[in-house]
Amino acid sequence: MGFTYSEIRRAAYLLAPGAAPLTSRYRALPFPEQWRDSLLALCNTGRDAEAEPYRTVPTYRMDGVLQSLAPDLVVRGRGSEKHGDEKDFWLYAPADIPHPLPDAAFERLLTAWVRNLRPEPEHRARVVETLAELRADPPRWREVEVDLLGCDTTDGGTALPLGRQFQLATDHLARRVLALPPYDTGAGLLRFRAVPRGPRQQGAELMSQPLPHEGKDRTWWFSVVVNVSLHTVPFSPHLRLHVHTGLRRWATHPAANGRLYLPFRRDTSVYLRPTVPWLPGTPACERYAVARLTWDRDERAHGWREAGPAGILRAIALGQPFPDPAELLTAPERWIGEGPGVRAAVVHSNHMGQHGVKAGLMSNQRSQLVEWAEQALPAGLVRAPDLRRSGISSNTPANARPKPRGDAKKAEEVRTAHARRAALAVAMRTLSDEKPPPAGVPVVEARLLWQTATMRDTAIAALTEVLALDGDGGAPAAEVFDMAKPGDPVLLRWEAPELTVRLRCLPLSGGLADSLDIDPATRGRGRALAAAITTRRTAVAAVLTADGADPDTAALALVEIDRRADFTTPLHDPKFALRLGCADAGVITQFTAVPQKARGYNSEKNAAYRARSAWLDGFRQLGVRVVPEHTLGDRLPTDLHYAAVWMVKRRADGPTRVARHTPVTVLVGPSEPGSGQTVIRGWDPDQHVWIPYPKFLLRLTRLAELPGLSDEIDEGYAPGTSDEVEEDPAPSAEMPPSPAGDGQPQPRVTFQERRRKGEEQRAKTARYLQKMLRSLHGRPTLLLAHSQNGRTNWPWLQDGQVVPDLIRTGHASAGRLDSDLRLVRVRDTSGRETPQWWGIGNPSGVNGLAAGLWTDASGSRVFYSTTDKAGTFRASSVEADKLAPRPLRAGKRKGEPTIDTEIPAWNPALMEVTVLGCHPATSGEEGDTPEALAMAVHQLRQAADYLDALSLPLPLHLAALAQEYVLPTLAEEEEAVDDSAVTDDRG
């Protein structure tokens, strides 16, 4: 049995009590506001009188060039923030380094930028006039001292950082880390360089030299990355710096066509390292530059993004040219590693296929890298206190998933199947609109829409297994299945004490599961795709209606389709059309992939497992789930319900291209005290009532948007991605294409328009919340919300807004919580907002992983939840070393060296659980204990009918899954074996 950790350590740092302020001196250049009128006049020259004029100077391209060509600068964008007598600036550079942008170099960049604002020949004279006006009144650099971590606090006692601190404080610590001796891996030295970061990317980043890994048949390349970011914690007056470590993998192997495959409609980052300064006259710099490759529709080839540095660089004589894109994509290995001239590395993404180096670093190696970086901490900056395991109750729920062995395992499977039948019966009674429900046992009617006999037979067997049904349901000969048709299916039937199960088996024929027929003759490819989806949707609904499906009675269908990779393009995948068509007929859907064997893919060997998991996920959509029962006793109210609000993202809104969000809420409550069975409902904002979960999902299809090629299709909340260091998206400066997909540019979206749309969405969310919250009165409810998902449209969730035990949903002042309501916010590691962590205190010296609820000694309302390692990552050892061989500690090969570069890393995320609102004890009266509420939330991640712990508490998990009925996901899916989201700690 492994070591049980009682403490965990975070890679988070703050000023020690009583420490002197952390300050640094900079050269700072204000944005020359005296240039504003001249520049705006140039930008608006020749614009149509009806067009929206520029009201702010578009500096994004200039900012990108400055960051790439003078990477020692910290580029803030136009300084607009005032705080007391302090003023933000456009550009910063540490005062103790050579000036990164002498006047002559700045003049060359300025000239190129202004010409790029209006490159048309007819405006050449106006450009010359504007340059003369700017040169007549140039900006002046100043010497300033900046307090990097000092700031005011909000009414709730939370630190309120200045915008510039997010970049300057992190850059300051990163520069100190760079000054350390190289990191010794045991097999070599890591030499880090800084990576430029823009104001929207926040934080600082260091990256090692590219490292080769010799695979079985080729060499793969990767680098180690260290990120530094600045964050706040609710109700804490101290700013915190987080240090995250991870890997960035490089694309070095061209596809069969001799070129690197770059994902469709996605820019690809390229990291560049010159041997001489990009700009003549500037000092040598050891930092990387970053540029982006994009598809040029006019040239029909990849090129450097015009909206980024490359568009301006063409007018500048560089010390070294950027690599030719064609040469880089056909021979990427020639550019990586050490060598003459500019070095370049193309970032690998999962869309490019498999990589021989697997993502992430495990906990022990993370701790070693962080310990090395901690040598750079300045005086007064200390590590955040270690967290101790909560002892308020057991960390697992009362009805935790059992782990029997031997003969007891089979008995437990039978018991679980019987319990599942009982829960399904409860869900069917909840679905009934009749009051009271009809007499007798409920009838569960499901459909199996199959393509292959293998999956058909496998799915039928899986259904009998998960519900412990006796017999084959009266299955006929195989050829009878082939003759089934809508209205005359093969009908299988099972009787059980709790319910009757009827399975209608139909071949998915008539081309319903084929690639979408996107008409190339239709003008506007987006319109063609929408038409193809509508056509298929209508056909599917007609087939199910002919088979007796009732739009007013929710039913379940298990649908067998090919995986997305088997279609012409991802957009030809009919999955979303099938889901919408089934929903139109009152049928909720769960998909499973056609069993097949291909190179690097084999879904035949696990077909039974996938079919079993598909049925379980289908039952989830019917509202069948076992809620974890807390072990807090009378510390929590009797008959406590859990509500979870989630912002479902819809596609960008028409010509404004502003993404829309719609709130949805799920309510989870026990059907009978002590049963562990739940009734799951969703809020219907039109009828202002709670409705059964399946009907809630079906009604969400009213919000569904038909995607076009020009749509930015959201991949939803995906906590199950890899531990790879992700690229931060650069803001797009190009004029977006038309929503119709016809290639025509659409009007520029102004800041005012985006702000207006944002205010509208927040107002709609406020009205929704106010009505939904009123419905919860009279029943003890713990309301869950997710910080990153909800705070844009519900600003009260923001660290800078919240005040303990108050709530605000709109413009009105914050008020006290309803006596029956508690409010808890969770935050995950997205955006590196919670730190990386590891267990400490193991006598072996190994810093591993631990599951539990964690707290510090301060009495804070902020707690942290971690879970066990997911079953699919059991092979990922906490001692794994991707940089040097290590001796095996156990097994037949004990003592032999091994290296873990080809094994994926997986670390449970550190979930922050903040009790924003409760009813604390007052003199003479009992009240809530915040730690008890946090423990209940932690236990909600451990639902007995999931193989692994959830990345979110169960109610939030169910609310987030509603996204499937609103927008399709373009993330490659191998038809998930379970709908539980595997938690990653993203580096």
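Details of the structure are given in the entry above.
Residues numbered from 1 in each chain as written. Predicted model: local features only at pLDDT ≥ 70, side-chain atom pairs only at ≥ 80, totals over all residues. Heavy atoms only, no water.

1. Observations concerning the sheet that holds strand 19 (residues 289-296)
- Pairing in this open sheet of four strands is antiparallel, and the strands run 20-19-18-21 from one edge to the other. Strand pairing shows two members of the sheet lacking a second neighbour, strand 20 (301-304) and strand 21 (343-346), which therefore form its edges. On average, each strand axis in the sheet is inclined to that of its neighbour by 30°, with strand direction left out of account.
- Two elements, strand 19 and strand 20, share four bridges in a ladder whose sense is antiparallel. Bridge assignment links Asp-296 to a residue of strand 20, and that residue is Ala-301. (Pairing = 2+ DSSP bridges. Helix = DSSP H or I, 4+ residues; strand = E, 2+ residues; numbered from the N terminus. Axes fitted to C-alpha atoms, helices over the stretch in contact; angles between N-to-C directions.)

2. Quick look at unusual backbone geometry
- If you check the backbone angles, Phe-235 has positive phi at about 70° while not being a glycine.
- With respect to the helices and strands, the residue Phe-235 is situated in the loop between strand 16 (219-231) and strand 17 (240-250).

3. Let's talk about the nonpolar core
- Ranked by internal contacts, the top residues of the largest apolar core, which has 107 residues, are Leu-503, Trp-615 and Phe-619.
- Apart from the residues lying within four places of it in its own chain, the contact partners of Phe-619 are Arg-420, Leu-424, Leu-463, Val-466, Leu-467, Leu-556 and Val-624.
- Residues Ala-70, Ala-93, Leu-131 and Leu-293 belong to the second largest nonpolar core, which totals 49 residues. (Core = buried A, V, L, I, M, F, W, Y, C linked by side-chain atoms within 4.5 Å. Buried < 20%, exposed > 50% of the residue type's maximum accessible area, 1.4 Å probe, protein only. Contact = heavy atoms within 4.5 Å.)

4. Concerning the pairing of strand 44 (residues 911-917)
- For strand 44, the buried fraction is high: seven of the seven residues fall into the buried class.
- Bridge count between strand 41 (residues 862-866) and strand 44: four bridges; the pairing is antiparallel. Residue pairing for strand 44: Val-862 is matched across the bridge by Thr-914.

5. Details of the pairing of strand 1 (residues 7-10)
- Residue alternation in strand 1 divides its side chains into a buried set, Ile-8 and Arg-10, and an unburied set, Glu-7 and Arg-9.
- Examined bridge by bridge, strand 1 and strand 39 (residues 837-840) share four bridges and lie antiparallel to one another. In the sheet register, Arg-10 faces strand 39, and the bridge partner there is Trp-837.
- Relative to strand 23 (residues 387-389), strand 1 runs antiparallel, the two sharing two bridges.

6. Considering the sheet that holds strand 26 (residues 500-507)
- With mixed pairing, five strands are arranged side by side in an open sheet as 25-26-24-27-28. Each edge of the open sheet is held by one strand with a lone partner, namely strand 25 (490-495) and strand 28 (587-593). On average, each strand axis in the sheet is tilted by 20° relative to the strand beside it, whichever way the strands run.
- Bridging between strand 27 (residues 555-561) and strand 28 involves seven bridges; their strand directions are parallel. By the bridge assignment, Val-559 is partnered in strand 28 with Phe-591.
- Contacts from helix 13 (residues 575-584) reach strand 27 and strand 28, with the element oriented near 150° to strand 28.

7. Looking at the side chain of Ser-787
- Summarising the element assignment, Ser-787 is placed in helix 17 (residues 787-790).
- At a separation of 3.1 Å, a polar atom in the side chain of Ser-787 contacts the side chain of Arg-791.
- For Ser-787, the contacting residues outside a window of four places in its chain are Leu-797, Arg-825, Val-826 and Arg-827. (Polar contact = N/O pair within 3.5 Å; in protein donor to acceptor, adjacent residues only side chain to side chain.)

8. Examining a positive patch on the surface
- A contiguous patch of positive charge, built from Lys-764, Arg-767, Lys-771 and Arg-774, is present on the exposed surface.
- Checked against the element boundaries, Arg-767 lands in helix 16 (residues 751-775). (Patch = residues over 30% accessible without salt bridge, like charges linked within 9 Å, V, L, I, M, F, W, Y side chains within 5 Å. Areas by Shrake-Rupley, 256 points an atom, 1.4 Å probe, with all protein chains shown as cover. Salt bridge = Lys/Arg side-chain N within 4 Å of Asp/Glu carboxyl O. Lys, Arg positive; Asp, Glu negative; His and termini not counted. Charge placed at Lys NZ, Arg CZ, Asp CG, Glu CD.)

9. Thoughts on the packing of aromatic side chains
- Summed over all chains, the structure comprises 14 aromatic pairs.
- Where Trp-90 meets Phe-106, the ring centres are 6.3 Å apart and the plane angle is 80°; that geometry is what we call edge-to-face. A residue pair is termed long-range when its members are at least 10 positions apart, and Trp-90 in the loop between strand 6 (86-87) and strand 7 (91-94) and Phe-106 in helix 3 (residues 103-117) qualify at 16 residues. Like Phe-106, Trp-90 is buried.
- Here a set of aromatic residues connected by ring pairs shows up, and it is made of Tyr-26, Phe-89 and Tyr-92.
- In this arrangement the basic side chain of Arg-456 is found over the ring face of Trp-450, its NZ or CZ atom lying 4.7 Å from the centre.
- The ring of Tyr-965 has Arg-579 sitting right over it, with the charged end atom 4.8 Å from the ring centre. (Phe/Tyr/Trp six-rings, centres within 6.5 Å; stacked < 30°, edge-to-face > 60°. Lys NZ or Arg CZ within 6 Å of the ring centre and 35° of its normal.)

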